[in-house]
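Given next are the chains, with one letter for each unit.
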Amino acid sequence: MPAEQAAARLLGMTDRQAAERLAPLSPRPLGDVLAHLPVPCAARVLAWFADARRRAVLQRMRPERAMPIRWHTETATYRLWLPTLATEAATSGATSAPTLAELATAAPPPPALTPGTGGPAATG
């Protein structure tokens, strides 16, 4: 199945379900599928994998795509934001974990700022 079609199917799953479905793939095809997901969704799926596996996948992706995904998976701001998505879904009356499509519509966290520079903090 083409990576774009696989990514479209994953949008109907939770991040955990998508990670379980993608687990057997080697890093290159896994990265190809993740490249077709919105960045926050790709990051949430990739967060289910061990650090070494995440690095292997990101190294095989195009740098312009890997960089924002890496930022989302490695920054403290994003890691703190992840649990709030599930909490917001639960308080809105959802009876199950949100799908990737539902998460794609959630606003991302603001970037952490380095005091005095106005730029992103080097966190992670």
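We now turn to the structure provided with this report. (Residues numbered from 1 in each chain as written. Predicted model: local features only at pLDDT ≥ 70, side-chain atom pairs only at ≥ 80, totals over all residues. Heavy atoms only, no water.)

## Concerning the overall build of the protein chain
And step 1. From N to C terminus, the protein chain includes eight helices and zero strands.
And step 2. Counted from the first residue to the last, the protein chain has its helices and strands arranged as α-α-α-α-α-α-α-α.
And step 3. Out of the 124 residues in the protein chain, the part that is buried amounts to 36%.
And step 4. When the accessible area of the protein chain is evaluated, it comes to approximately 7,100 Å², of which 58% is carbon and sulfur surface. (Helix = DSSP H or I, 4+ residues; strand = E, 2+ residues; numbered from the N terminus. Buried < 20%, exposed > 50% of the residue type's maximum accessible area, 1.4 Å probe, protein only. Areas by Shrake-Rupley, 256 points an atom, 1.4 Å probe, with all protein chains shown as cover.)

## Remarks on the nonpolar core
Within soluble globular proteins, side chains that are nonpolar tend to cluster in buried spots.
And step 1. Within the largest apolar cluster, 24 residues are counted, with the highest numbers of intra-cluster contacts made by Leu10, Leu34, Leu37, Val45 and Ile69.
And step 2. Broken down by secondary-structure element, the contributors of at least two residues to this core are helix H1 (3-10), helix H2 (15-22), helix H3 (27-34), helix H4 (39-46), helix H5 (51-59) and helix H6 (63-74).
And step 3. Residue contributions to this core peak at six residues, all from H4. (Core = buried A, V, L, I, M, F, W, Y, C linked by side-chain atoms within 4.5 Å.)

## Observations concerning H3
And step 1. Taken as a whole, H3 has its buried residues at Leu30, Gly31, Val33 and Leu34. Down the axis of H3, the sector holding all buried residues measures 160°, keeping them to one side.
And step 2. Those residues of H3 hidden inside the fold are in contact with H1, H2, H4, H5 and H6. (Arc of directions from axis to C-beta. Contact = heavy atoms within 4.5 Å.)

## Here we look at the packing of H5 against H6
And step 1. It is the contact of H5 with H6, at a shortest axis distance of 10 Å, that shows an interaxial angle of 160°. Relative to H6, H5 is oriented roughly antiparallel. The hand of the H5/H6 crossing is left-handed. On H6, the residues touching Arg54, Leu58 and Gln59 of H5 are Ala66, Ile69, Arg70 and Thr73.
And step 2. Along the lines of polarity and charge, the residues of the contact of H5 with H6 split into three nonpolar, two polar and two charged. (Axes fitted to C-alpha atoms, helices over the stretch in contact; angles between N-to-C directions. Parallel < 35°, antiparallel > 145°, perpendicular 65-115°, else oblique. Left-handed = near helix turned anticlockwise from the far one by under 90°. Nonpolar A, V, L, I, M, F, W, Y, C, P; charged D, E, K, R; others polar.)

## As for H4
And step 1. In terms of residue burial, H4 counts as a mostly covered element, since eight of its eight residues are buried.
And step 2. Turning to H4, its buried residues number three or more, namely Val39, Pro40, Cys41, Ala42, Ala43, Arg44, Val45 and Leu46.

## Focus: the pattern of salt bridges
And step 1. Tallied over the full model, the rule gives four salt bridges.
And step 2. A salt bridge links Arg54 to Asp51; the shortest N-O distance between them is 1.9 Å. On the criterion of helical spacing, the pair formed by Arg54 and Asp51 is a turn pair, its members being three residues apart in helix H5.
And step 3. Residue classification places Arg54 among the buried residues on the basis of a relative accessible area of 15%. (Salt bridge = Lys/Arg side-chain N within 4 Å of Asp/Glu carboxyl O.)

Nothing here speaks to function; it is all geometry.
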